[in-house]
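# Chain and residue survey
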Amino acid sequence: MSSNDVLRQLSEVLEARKNQASSESSYVASLHQKGLNKILEKVGEECTETLLAAKDAKVSGDNSDVIYETADLWFHSMVMLSHLGTDAEAVLQELARRFNLSGLDEKASRQS
């Protein structure tokens, strides 16, 4: 299964859980029910855990924890996108747009 297929399938599952699952039986549904602030709290928590795992990986040479934490970060970021009415495809399209565009030029264009 390609990476895009994984992201597409996860987006579909997240949307289904958001719209059809009970907050008592679905973690994703419970996050949506608690609202954007709770989802953002989880994104921030996972971001911090990812950063700490990356620092540890630099020392240990073992990337397993940083991969695990990055998966949690991506997952919760996708829940956030779903809550806001979009999905990973929009992010992938934005990344594709940036190909052949200097990162410095892209950053400068956002500041003007």
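Rules used throughout
- Residues numbered from 1 in each chain as written.
- Predicted model: local features only at pLDDT ≥ 70, side-chain atom pairs only at ≥ 80, totals over all residues.
- Heavy atoms only, no water.
- Helix = DSSP H or I, 4+ residues; strand = E, 2+ residues; numbered from the N terminus.
- Contact = heavy atoms within 4.5 Å.
- Buried < 20%, exposed > 50% of the residue type's maximum accessible area, 1.4 Å probe, protein only.

## Thoughts on the environment of Ser23
- Along the chain, Ser23 falls in the loop between α1 (3–20) and α2 (27–34).
- It is 6.8 Å that separates the C-alpha atoms of Ser23 and Gln33, two residues lying 10 residues apart in sequence.
- Sequence-distant contacts of Ser23, that is, excluding residues within four places in its chain, are made with Ala29, Ser30 and Gln33.

## Re the side chain of His76
- Mapped onto the elements of the fold, His76 is located in helix α4 (residues 64–83).
- Leave out the neighbours within four places in its chain, and His76 touches Tyr27, Leu31, Ile39, Lys42, Val43 and Glu46.

## Notes on the environment of Glu69
- Mapped onto the elements, Glu69 comes out in helix α4.
- Take Glu69: its relative accessible area is 15%, and that puts it in the buried class.
- A sequence separation of 19 residues divides Glu69 from Thr50, and the C-alpha atoms of the two residues are 5.0 Å apart.

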